[in-house]
Amino acid sequence: MAINNENNLLTKEKIKLEKPSMYAVIMLNDDYTPMEFVIYVLQSVFKKNYEDAKSIMLTIHNEGKGICGVFPLDIAETKANQVVEFARINQHPLECKVQKQ
C-alpha cells in the first residue's frame, strides 16, 4: 500500500503477477531399461493412464526421448529426481532431464 500525499489516503498499488516458467520433464531412451518399467514409471510418477504411458514410451523408444509432463521448475525437478532414484533402486540406467519450455 502507498500513502497518497494529497489526501493522506491509503491506496493499493497494482501488482502484476506473472505465471511461473514451465519446464518439461524429458525421459531419454537407453538400450537396457525394459519398456514395461518405463510404462510403470510414467503411470506412477506422472499419473498417466496405460494408453498415454504406452504412447509416451513408444515415442521415447522411437525418437530417443519424450516429454513426460510440463510443470513449474520445482515440481519438474522433483519428478525427474524421483524417476532417476526409482530407476537406480531397480538397477536401470533410465535418465530424465528438465528443459525450459
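Refer to the structure printed above.
Residues numbered from 1 in each chain as written. Predicted model: local features only at pLDDT ≥ 70, side-chain atom pairs only at ≥ 80, totals over all residues. Heavy atoms only, no water.

Caption draft 1: Spatial organisation of the environment of Leu28. Position of Leu28 among the secondary structure elements: in strand S3 (residues 22-28). The sequence separation of Leu28 and Lys97 amounts to 69 residues, and the corresponding C-alpha distance is 7.9 Å. Excluding anything up to four places from it in sequence, Leu28 contacts Ile60, Gly64, Lys65, Leu94, Glu95 and Lys97. (Helix = DSSP H or I, 4+ residues; strand = E, 2+ residues; numbered from the N terminus. Contact = heavy atoms within 4.5 Å.)

Caption draft 2: Up close: the environment of Ile75. For Ile75, the position within the fold is in helix H3 (residues 73-89). When the C-alpha atoms of Ile75 and Met22 are compared, they prove to be 9.7 Å apart, with 53 residues separating the residues in sequence.

Caption draft 3: Quick peek at the pattern of salt bridges. In the structure shown here, the tally under the stated rule is one salt bridge. Two residues, Glu95 and Arg88, come together in a salt bridge whose shortest N-O distance is 2.3 Å. Glu95 sits in the partly exposed class, given a relative accessible area of 34%. The class for Arg88 is partly exposed, based on a relative accessible area of 37%. (Salt bridge = Lys/Arg side-chain N within 4 Å of Asp/Glu carboxyl O. Buried < 20%, exposed > 50% of the residue type's maximum accessible area, 1.4 Å probe, protein only.)

Caption draft 4: Structural view of H3. If you check H3, its first and last C-alpha atoms are 24 Å apart, about what 17 residues at 1.5 Å a residue would give, namely 24 Å. Taken together, the buried positions of H3 are Ala76, Lys79, Ala80, Val83 and Ala87. One side of H3 carries all its buried residues, which in axial view fall inside an arc of 100°. Along H3, exposed side chains directed more than 90 degrees from the buried face belong to Asp74, Asn81, Glu85 and Ile89. If you follow the buried residues of H3, they end up packed against S3, helix H1 (35-45), strand S4 (65-72) and strand S5 (95-100). (Expected span 1.5 Å × (residues − 1). Arc of directions from axis to C-beta.)

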